[in-house]
Amino acid sequence: MLNKLLNFYCAAKQLKLTFTKLKFKRMKFFIDTANLAQIKEAQDMGVLDGVTTNPSLMAKEGIKGQNNILKHYVDICNIVTGDVSAEVIATDFDGMVAEGEALAALHERIVVKIPMIKEGVKAIKYFTEKGIKTNCTLVFSAGQALLAAKAGATYVSPFIGRLDDVSTDGLALIDDIRLIYDNYGYETQILAASVRHPMHIIECAKLGADVATCPLSAITALLNHPLTTSGLAQFLADAKK
Ligand code: E4P
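Within every chain, residues take consecutive numbers counted from 1 along the sequence as written. Only residues with pLDDT of at least 70 are given local features in this predicted model, and only at 80 or more are side-chain atom pairs given and counted; all residues enter the totals for whole chains, interfaces and linings.

### Observations regarding the overall build of the protein
- Within the protein, the secondary structure is distributed over 12 helices and eight strands.
- Counting only C-alpha atoms and orienting by the principal axes, one finds that the protein spans roughly 70 × 60 × 35 Å.
- Counting only residues that meet the buried cut, the protein has 34% of its 241 residues in that class.
- We call two residues in contact when the distance between their C-beta atoms, placed using the backbone, is within 7 Å. Counting only contacts in the protein whose residues sit at least 6 apart along the sequence, the fraction spanning at least 24 positions is 54%. Helix and strand definitions here come from DSSP, where helices need a minimum of 4 consecutive H or I residues and strands a minimum of 2 consecutive E residues; each element is numbered from the N-terminal end. Three classes are used. A residue is buried when 20 or more other C-beta atoms lie within 10 Å of its own, exposed when 12 or fewer do, and partly exposed in between, with C-beta atoms placed from the backbone.

### Regarding the nonpolar core
- Residues enter a nonpolar core if they are buried, belong to Ala, Val, Leu, Ile, Met, Phe, Trp, Tyr or Cys, and are joined to the set through C-beta atoms within 7 Å. Counting residues in each nonpolar core, the largest one holds 53 residues, and the members touching the most others are Ile-124, Cys-136, Ala-148, Val-156, Ala-192 and Ala-212.
- Each residue touching Ile-124, except ones within four places of it in the same chain, is listed here: Ile-114, Thr-134, Cys-136, Ala-148, Ala-151, Gly-152 and Ala-153.

### Considering the sheet that holds strand β4 (residues 110-115)
- Sheet architecture is closed into a barrel: eight strands sit in the order β1-β2-β3-β4-β5-β6-β7-β8, paired in parallel fashion. Neighbour to neighbour, the strand axes of the sheet diverge by 30° on average, direction disregarded.
- In this scheme, strands are said to pair when DSSP sees at least two bridges between them. For strand β3 (residues 83-87) and β4, the ladder comprises four bridges, and the chain directions are parallel. Counted as the bridge partner of Ser-85 is Val-111 from β4.
- Relative to strand β7 (residues 189-192), helix α9 (residues 170-184) is tilted by about 175°, and along the sheet it contacts β6 (155-158) and β7. Orientation is described by axes fitted as lines to C-alpha atoms, over the contacting stretch for helices, and by angles from 0 to 180 degrees between their N-to-C directions.

### Observations regarding the site of the ligand
- Proximity of a residue to a molecule or strand is defined by its backbone-placed C-beta atom lying within 6 Å of that partner. Around the ligand, the surrounding shell consists of Asp-32, Thr-52, Asn-54, Thr-137, Ser-157, Phe-159, Gly-161, Arg-162, Ala-193, Ser-194 and Thr-213.
- Taken together, the residues of the shell around the ligand break down into two nonpolar, seven polar and two charged. Under the scheme applied here, ten amino acids are nonpolar (Ala, Val, Leu, Ile, Met, Phe, Trp, Tyr, Cys and Pro), four are charged (Asp, Glu, Lys and Arg), and all others, including Gly, are polar.

### Description of the environment of Ile-114
- Assignment of secondary structure puts Ile-114 in strand β4.
- The exposure class assigned to Ile-114 is buried, which follows from the 31 C-beta atoms found within 10 Å.
- With 18 residues separating them in the primary sequence, Ile-114 and Met-96 have C-alpha atoms 7.7 Å apart.
- Setting aside chain neighbours within four positions, we find Ile-114 in contact with Val-88, Met-96, Gly-100, Gly-120, Ala-123, Ile-124, Thr-134, Cys-136 and Thr-137.

### A short note on α9
- Here the expected span of a helix is defined as 1.5 Å times the quantity of residues minus one. For α9, spanning 15 residues, the distance from its first C-alpha to its last is 22 Å, which sits close to the expected 21 Å at 1.5 Å a residue.
- Along α9, the positions that sit buried rather than exposed are Gly-170, Leu-173, Ile-174, Ile-177, Arg-178 and Tyr-181. Down the axis of α9, the sector holding all buried residues measures 135°, keeping them to one side.
- Residues of α9 that are buried sit in contact with α7 (142-151), β6, α8 (160-165), β7 and α10 (198-207). Each direction from the helix axis to a C-beta atom contributes to the arc, which is the arc of those directions.

### Concerning the packing of α7 against α9
- With their axes 9 Å apart at the nearest point, α7 and α9 run at an angle of 40° to one another. When the interaxial angle is binned, α7 and α9 end up oblique. Regarding α7 and α9, the two cross each other, and that crossing is right-handed. On the side of α7, the interface is formed by Ala-142, Ala-145, Leu-146 and Ala-149, while α9 contributes Leu-173, Asp-176, Ile-177, Ile-180 and Tyr-181.
- Split by residue class, the contact of α7 with α9 holds eight nonpolar, no polar and one charged. For this classification, under 35 degrees means roughly parallel, over 145 means roughly antiparallel, 65 to 115 means roughly perpendicular, and everything else is oblique. Two helices cross in a left-handed way if the nearer one is turned anticlockwise from the farther one by less than a right angle. They cross in a right-handed way if the turn is clockwise.

From the geometry alone we can't say anything about function, so treat these as descriptive.
In structure tokens:
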């Protein structure tokens, strides 16, 4: 009898895990840049699902001043068809709420990007209750990811490349977060960030990350294989015969 109950429990748990995975079956590719030309190029490839930006990426493109920054977010939203993360600069609750509401009002695709700090968790909860999408950024541990999910974040951004940079396994964090979210059915999407190369993308796909946000170079690197190059050269040469 006890055995039957145990088997039933295991089967139910397995069913729940399978169902959770099925719900998020399609992996999304975001581009991690504020460069309009690169965003257009990725969009034209037909594989782009969204964009992430941060203050450093905006500065890299020379976008300065509040009005220019807001206009730039709208320009990005007009190129893509998916979510566009725009980061708040404030670090206090009231400031994050004011900035986030202004950002969200810019365009329906804007997702308010909020740092993983105590005030940020409060702000995520606030935006969740208002139906505004959020991306919890600067996540480096499973505990932080659990807090983001409990606050109702739409996305959580574990920075895998920066963890690798300090001799810590970034991909192991993706694995841990996947396990924890699946255990409880949290709907927060795992947005693997700080992706540096194509193997990061492939490993994230194997681990079940919902999204990978990558530089254009990492996405286009997925195209490359020497046998494709030589095979195509051969086909084209033979076609002339
Ligand atoms: C995430 O949203 C961040 O913008 C980004 O992925 C950080 O990447 P980096 O570590 O290469 O700066």
